[in-house]
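The primary structure of each chain is shown beneath.
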Amino acid sequence: MPAIAPDRTIGIVGAGAMGAGIAQVAALAGHRVRLFDQRDGAVDSAIAAMAKTFDGLVAKGKLAADKAEATLGRIEPAENLADFDVCALAIEAIVEDVGAKRNLFADLEAIVAPDCILASNTSSLSISALARDLEYPGRVAGFHFFNPAPLMKLVEIVSGLGTDEATAATLCDTARAWGKTPVRAISTPGFVVNRCARPFYGEALRLLGERAVDAATLDAVMCEAGGFKMGPCALMDLIGHDINFAVTNAVYAATFNDPRYLPAHLQSEMVAAGHFGRKSGRGFFAYGAGAEKPPVSSEPEAPKPAQVTREGDDERLEPLLARAKEAGLFVHRRLATEAGPRLLVDGTVLHLSDGRSATRRARDTGENELALFDLALDYTTATRIAISVADQATGQAAASAAGFFQAMGIAVSLIDDAPGLVVLRTVAMLVNEALDMAQHGVASPEDIDLAMTLGVNYPKGPFAWGSEIGLDLVKTVLDNLKRHYGEDRYRASPRLNRLVARETAP
Ligand code: NAI
């Protein structure tokens, strides 16, 4: 399907943050835009704000003055919806309410031509529900931009049960023509990004609720080891806890209380207290004049280990061992014992976590002097790592593990003995969520990876990450988390079980 031609008019209802941003995108792409808002003055202030933004861009040399003027000239305030009669596409970005959006679409259907597409920028409502009462439900689709729309590349094109393929395909090509990257999804709770990202927040809230780690340290581990641009606590503070909590609740309710999306009591308290994050001056962190970020907890400088031995081979650890050698640590080699591949640092056994707590693992294996370390996006460049220590250990384990990583210039955060530590459990849950979404046809694996890297800036898409660390590890971590918590929240997706069974078939 070709994109909507630039000489066709686009109608936008709602001149708030999203509607104004989308109007700017469409006008920059050459369309005439008719912008309507029921609130007096809303359209004029949106256009005035856009003019100010353009002035800034022109001053910085990022936008030609004549292009800015022509773009603004293409945005026309609409007196009422009747002005939308010429539109090839009408996009609604009004209040997030099914009734209001249904009424609006019904009003629009009486005005526009039968082939005009009616698109919704909703981030949480069912597209099938929005189209229900229309004469031509096939023309309705989700056209979900991210905030701020002019800057964010990703657009989710969402098909409801009645959406015509031609409608979704036209929106896809139109998004491309507007310089965006579209991904296709079917109408399910949270679509792609807001669903797949739930564990990023959910696991952080769990760890904080269990007092396994503090917010500043958790964020530092997720960024410096996990490679995320922003930690979950800082990101929830930025999004606003009221919004983030509402999205989690919406997904939880829409999935009939699937425990995977169980909202956190900790966040509910923060919302109740008005600790919304940046916008209220206080969330996990304080904001505003004089606000200081709490310190990240790091282990004190420990002595360089006298002896490091690797038993057996675990290819996941090769980059770490290469870095150890580069840092001047001599790594002895021994054949694997019954305990499987592992590292011995002086008297301490060091393992990458497999989703068991260190205490449980020490009990299972008899390796009492045991420390576990977390997953890193790239062990050759990580600047921090989380470790945990078994309750059975005598006290030397933390220092030995810390000395090992510190000798390579990696800061060490000792957290309480939470299974799967921080990055590993989050990544395992993200991969599981993505596999489940693919199984249910929410979106293709390629689109899910694209959405998570472009829409929320993850360092790797969940499919790419899962194949890099191995789906067998992902499944082991989830099975162990499920055993530890006794909760269905950590159940492995049937798709994950199947892929691992196939990989490990004799
Ligand atoms: P907003 O509150 O900034 O703007 C909404 C505008 O719509 C207001 O100016 C309001 O006067 C107007 N409006 C409300 N009902 C109307 C009606 N029946 N007819 C005409 N105008 C009406 O909201 P925002 O943030 O721009 O969100 C709009 C939509 O986009 C919502 O569906 C929201 O869920 C979705 N969305 C929001 C994102 C965000 O980060 N803010 C991101 C992606 C989607």
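One can find the structure itself at the top, above this paragraph.
Please read all numbers here as calculations on a predicted model, not as lab measurements.

Novice: Which residues make up the sheet that holds strand β15 (residues 411–414), and what are the values?
Specialist: A sheet is described by the order of its strands in space; here 7 strands give the open sequence β10-β9-β11-β12-β13-β14-β15, paired in mixed fashion. Pairing within the sheet leaves two strands with one partner each, and these edge strands are β10 (331–334) and β15. Taken over all neighbouring pairs, the strand axes of this sheet differ in orientation by 30° on average, direction set aside. As judged from the 4 bridges shared by strand β9 (residues 308–311) and strand β11 (residues 342–345), these two strands associate in the antiparallel manner. Bridging from a neighbouring strand, T309 pairs with L344 of β11.

Novice: Talk me through the state of the cysteines; I want residue IDs and the actual numbers.
Specialist: Counted according to the given criterion, the structure contains 0 disulfides. Free cysteine: C116, not disulfide-bonded; nearest cysteine sulfur from C87 at 6.1 Å. Taking relative accessible area as the criterion, C116 reaches 0% and is therefore assigned buried.

Novice: Got a sec to walk through the site of the ligand? Specific residues and values, please.
Specialist: Taken together, 20 residues form the shell around the ligand, and within it M18, D37, R39, E96 and K101 come nearest. The side chain of E96 places a nitrogen or oxygen atom 2.5 Å from an oxygen atom of the ligand. Listed by contribution, the elements that provide at least two residues to the shell around the ligand are α1 (17–28) and β6 (140–145). Classifying every residue of the shell around the ligand gives 8 nonpolar, 8 polar and 4 charged.

Novice: Quick one: what's the story with the side chain of E92, residue by residue and with numbers?
Specialist: As for its position among the elements, E92 is in strand β4 (residues 87–92). There is a polar contact of 2.9 Å between the side chain of E92 and the side chain of K101. At 2.5 Å, the side chain of E92 and the side chain of S120 are in polar contact. Ignoring anything within four residues of it in the chain, the contact list for E92 reads V13, K101, L104, F105, A119, S120, N121 and T122.

The rules behind each value
Residues numbered from 1 in each chain as written. Predicted model: local features only at pLDDT ≥ 70, side-chain atom pairs only at ≥ 80, totals over all residues. Heavy atoms only, no water. Pairing = 2+ DSSP bridges. Helix = DSSP H or I, 4+ residues; strand = E, 2+ residues; numbered from the N terminus. Axes fitted to C-alpha atoms, helices over the stretch in contact; angles between N-to-C directions. Disulfide = S-S within 2.5 Å. Buried < 20%, exposed > 50% of the residue type's maximum accessible area, 1.4 Å probe, protein only. Near = heavy atom within 4 Å. Polar contact = N/O pair within 3.5 Å; in protein donor to acceptor, adjacent residues only side chain to side chain. Nonpolar A, V, L, I, M, F, W, Y, C, P; charged D, E, K, R; others polar. Contact = heavy atoms within 4.5 Å.

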